[in-house]
Amino acid sequence: MTDRLAGLRPTIRRHGAGRRAPALGWLTVCWVAGGWTVLPGLPAHALSTSTDPAPAPSDIDRPAIQEMLLEIPALPLRESLTSFGRQTGLQILYSPDVLSDHRSRALSGRMDPAVALSILLSGTDLAFEMRGRMVTIGRLQENPGFLPGLTVEGRTPSAGAARIPGQSRGAGKTATPVEDLPQGLSIVTREDLDQRDAQDINSALAYSAGVRPIDYPGGQGAIDVFVRGFRQSSESVMIDGLRSGYNPYGLEYEPFGVERVEVLKGPASTLYGAMPPGGAIALVSKRPTDSPLHRLQLQGGSHDRRQVTADLSDRIDAGGTLRYRLTMLSRRSGTQVERTPDDRLYVAPALSWSAGDGTDITLLASYLDFRKMGAEQSFPASGTVLDNPYGRLGSNLFLGYPGLSSYRSRTLSAGYDIRHALAGDWTLNQTLRYSRSRVGYLSSWASSGLLEADRYYRFGLQDRPKTSSTLLVDTNLQGNANTGPLRHGLLAGIDHGRYRAHETRRNGTVADALDVFDPVYGGAYGWDTTLARDLTDSIRQTGLYAQDQIAAGNWRLTLGGRLDWSSTGAVGRLSGGPLVETTQFDRAFTKRIGLAYRSEGGLTPYAGYSTSFQPNSDSDVQGRPFSPSRGTQLEAGLRYRPKGFDGLFTLSLFRAVQRNLTTADPDNPGYSVQTGEVRSRGVELEAKAALGTGTDLTAAYSYTDAQVTRDSPYPGGTDKTGKRVASVPRHAAAVWLRRHIDEGAAGGLTAGIGVRYVGATFNAANSVRVPSYMLADVSLGYDLGRLGPALDGAALTLTATNLFDRRYFSPGFYDNSVFYGNRRMVLATLSYNW
């Protein structure tokens, strides 16, 4: 097949009556096989409708088409061909009726466009031929001289290295080439996650520039990640284009159920609404595949870990219109902290249906049940990063009350994703998800990180069960249009979110302090008779958004705007007092503008400006609600995608400011004023490259200067103006190198090694310095099928994170506390694919 493709010198065949095409600027309408087809992007004079005999091969001036990076997900064939034409610059001619309800396979990697088109048409009765930059598609039986699609058995063949993503799929609501984005973007693929055996979202993002995960062994669900110096909340985590939810304690993200992770750096409110200015973390769930997928894994390792996973996908009917996927994980494990489990059960079924008439429906559901600890584990600075006369605290120290420090969350979610192809290049999309969460949380907490007499840790108890429900829906219309020489990628939509939660909190006391150097657990405790909190919270958010991605030659201009309405409320009682009811309404407009120039040599300079907003639930001394905080960012950068090998290199410079932050009211203790401000500026370098056959490199460096620029402390308090933002290092770097050996005595062996460096950080008052650290990670895998046919499909992988068991810390909840980092973890995984 390869020889046939290499020697292909096709000629275009005549279809229809050869009628002259009416020219509409850069739109050309052509009579093809009895129907008019709109061909965007080519001037009318480029099409020949002559009925003269086709020229001889020697007369054809066929420009050389080199291998190029293509990334097209599994889509209805018409949408795949549109994406193929846009990425290759080829003009695709076909009669709409020949496509019927065909669906294409996914493809990703650097390949010859003819090979790629053969893969897209595989499994259909369609064939094609090329003339110059023109491609004609028709039925094979009607066009015996056309080249048929490949017959693909099992997985779609990979054309070279397919590890360097070419498009953003999760962080934007459209499939956009990375080079066209006017903002920084980091992409972590499923292959990256598998290589490093990522066990949580923190480890998934550990090798991304500008991202600072806070490791929290055994911690309580809520994500704790800084992006470009700003702390991200659960509201800034997106799942399949919808925010993950509003309840941070009821949210946990299972990386085994994720196909891809993207971090869009800088304000993303023009697409998603309220969120911090650091950006959006987008997760893409696993979905049914067009090719059979069957994988089982058994895993064991440190902390008595026992885990089994299954990932199954296949066609249900012979035609592939119905496809399923079932992703499951069950784990029983301890952690480095005594009396602290890391147990979970995850089940995620999915069903895709190609319903015909250009309609595709995917049903998605998941159930996650996990148990962790309820102790805060915010270690005193004394005995960790500061000297203590009694020595150092061990990382296994449990800072809670056995039986009264537990955390369990159960979340059930279900939804759908509907895509309907309209006339031309337009599609109507709707995504919906409903979820319910039940959290049982018995917390052990301290009022500070200080020790009594250098060794006694005093803590309290809190019982805080919470139930919540969330409904999220997004509807949008997207398509392409031309105005003269300008090609527009248009997006317009509306999204809506509703959240309701009920939580009670009852405080308790423990009579005796815990001796952290000689702990004896138990003792007298008691619960308050009155609830500290009995509230029902509600949130409603609605947003209208629009975006225009304009292409003119090599220029790419992005314009976006969004108008949001937000309503937050609470009803209930505090400390047994009278019924209180509060309601706050906010409205905000956010915008984004960016410009990029894609040069022929692979260099793409870009610049962008974007804004964000985030509601404030607080009010001033007179009871007036605060306005939303506002974020702005200026960014400029340079991307380089070399022609000779798969690679993407990115340089970004940014300056972001968040204003209208609440700080202490110096004249009215216990109240706040809205005068706070934080500024972050920095440089990011990121590289992903395939360095020859079987060798991949991921590298990242960040310089982040994040500091408080306005503050108003209480009398006698610490003025944070000019202080560095807590937990954000100035310097951070990471490198991951992977090598796969396919031939020779070591054939079937895959090895990876990574190094992560995080610079020194400070607490909020900048009074405690947390030292820098460097960690090493390794991975070693072997294809057991090399040992004999009986083991085909089996593989063994050994991974170690923090290989040299380095002690490291991050600033904790309080000014005099820190979090212990993850100690060495070694895992062995046995996989079987069939």
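Our subject is the structure listed above.
Calculation rules
Just so you know, the residues in each chain are numbered from 1, in the order the chain's sequence is written. In keeping with the predicted nature of the model, local features appear solely for residues at pLDDT of at least 70, side-chain atom pairs appear and are counted solely at 80 or more, and the whole-chain, interface and lining totals rest on all residues. Hydrogens are left out, water is left out, and the side-chain values use all remaining heavy atoms of the structure. Candidate patch residues must exceed 30% relative accessible area and have no salt bridge, after which like charges are joined if within 9 Å and Val, Leu, Ile, Met, Phe, Trp or Tyr side chains if within 5 Å. Using a 1.4 Å probe, accessible areas were evaluated by the Shrake-Rupley method; residue-level cover was limited to the displayed protein chains. Whenever Lys or Arg places a side-chain nitrogen within 4 Å of a carboxyl oxygen from Asp or Glu, that contact is recorded as a salt bridge. Secondary structure elements are defined from DSSP: runs of H or I of at least 4 residues count as helices, runs of E of at least 2 residues count as strands, and each element is numbered from the N terminus. Partly exposed residues are those whose accessible area sits between 20% and 50% of the maximum for their type, while under 20% is buried and over 50% is exposed, using a 1.4 Å probe and protein chains only. A strand pair is defined by DSSP finding two or more bridges across the two strands. An expected span of 1.5 Å times one less than the residue number is assigned to each helix. Definition of a polar contact: a pair of N or O atoms within 3.5 Å, with one able to donate and the other able to accept a hydrogen when the atoms are protein atoms, and with sequence-neighbouring residues admitted only if both atoms are side-chain atoms.

(A) Structural detail: a nonpolar patch on the surface. On the surface, a cluster of nonpolar side chains totalling about 450 Å² of accessible area is made up of L603, L638, Y640, L651, L653 and L685. Positionally, L603 belongs in strand β37 (residues 603-614). Residue classification places L603 among the partly exposed positions, given a relative accessible area of 38%.

(B) Focus on the sheet that holds strand β17 (residues 242-243). A sheet is described by the order of its strands in space; here 5 strands give the open sequence β12-β18-β19-β16-β17, paired in mixed fashion. Single-partner strands in this sheet number two, and they are β12 (185-189) and β17. Sheet topology places strand β16 (residues 237-239) next to β17; 2 bridges connect them, and they run antiparallel. Across the sheet, residue I239 finds its bridge partner in β17, namely L242.

(C) Spatial organisation of the pairing of strand β26 (residues 406-421). Where strand β24 (residues 359-373) lies against β26, 15 bridges are found, and the strand directions are antiparallel. Across the sheet, the residue bridging to T359 is H420, located in β26. In this sheet, strand β27 (residues 427-445) lies alongside β26 in antiparallel orientation, the contact comprising 16 bridges. Note that in β27 the partner of S413 across the bridge is S435. Counting the residues that bridge the hairpin from β26 to β27 gives 5 residues, and of these G424 lies at a positive phi of roughly 65°.

(D) Representation of helix α2 (residues 77-88) in the model. A rise of 1.5 Å per residue sets the reference length of α2, with its 12 residues, at 16 Å; its end C-alpha atoms lie 16 Å apart and thus fit the reference within 8%. All of the buried residues in α2 are L77, E79, S80, L81, T82, S83, F84, G85 and T88. Phi turns positive, to about 80°, at G89, one or two residues after α2.

(E) Focus on the pattern of salt bridges. Using the criterion set out here, one finds 43 salt bridges in the structure. A salt bridge links R344 to E254; the shortest N-O distance between them is 2.7 Å. With R344 in strand β23 (residues 343-356) and E254 in the loop between β17 and β18 (258-265), this pair connects stretches of sequence that are 90 residues apart. Owing to a relative accessible area of 7%, E254 belongs among the buried residues under this scheme. Put simply, D705 and R730 hold a salt bridge, and the shortest N to O gap is 3.8 Å. Of the two residues, D705 sits in strand β41 (residues 695-710) while R730 sits in the loop between β41 and β42 (731-741), which places them 25 residues apart along the sequence. Its relative accessible area of 5% is what places D705 among the buried residues. For R730, a relative accessible area of 30% gives the class partly exposed.

(F) Representation of the environment of E252 within the structure. Locating E252 in the fold gives a position in the loop between β17 and β18. Assessed through its relative accessible area of 18%, E252 is described here as buried. Sequence spacing of E252 and F370 is 118 residues, and the spatial spacing of their C-alpha atoms is 8.6 Å. Within the structure, the side chain of E252 is placed 2.7 Å from the side chain of R344, a separation counted as a polar contact. Within the structure, the side chain of E252 is placed 2.9 Å from the side chain of K372, a separation counted as a polar contact.

(G) Summary view of the environment of L634. When you line up the elements, L634 lands in strand β38 (residues 629-640). Given the relative accessible area of 54%, L634 is considered exposed. A sequence separation of 47 residues divides L634 from R681, and the C-alpha atoms of the two residues are 9.4 Å apart.

(H) Expanded view of unusual backbone geometry. Within the chain, D240 stands out as a residue other than glycine whose phi angle is a positive 55°. Of the residues examined, D240 reaches a relative accessible area of 15% and is grouped as buried. Of note, Q377 is a non-glycine position whose phi angle comes to about 55°, a positive value. By the element assignment, Q377 lies in the loop between β24 and β25 (379-380).

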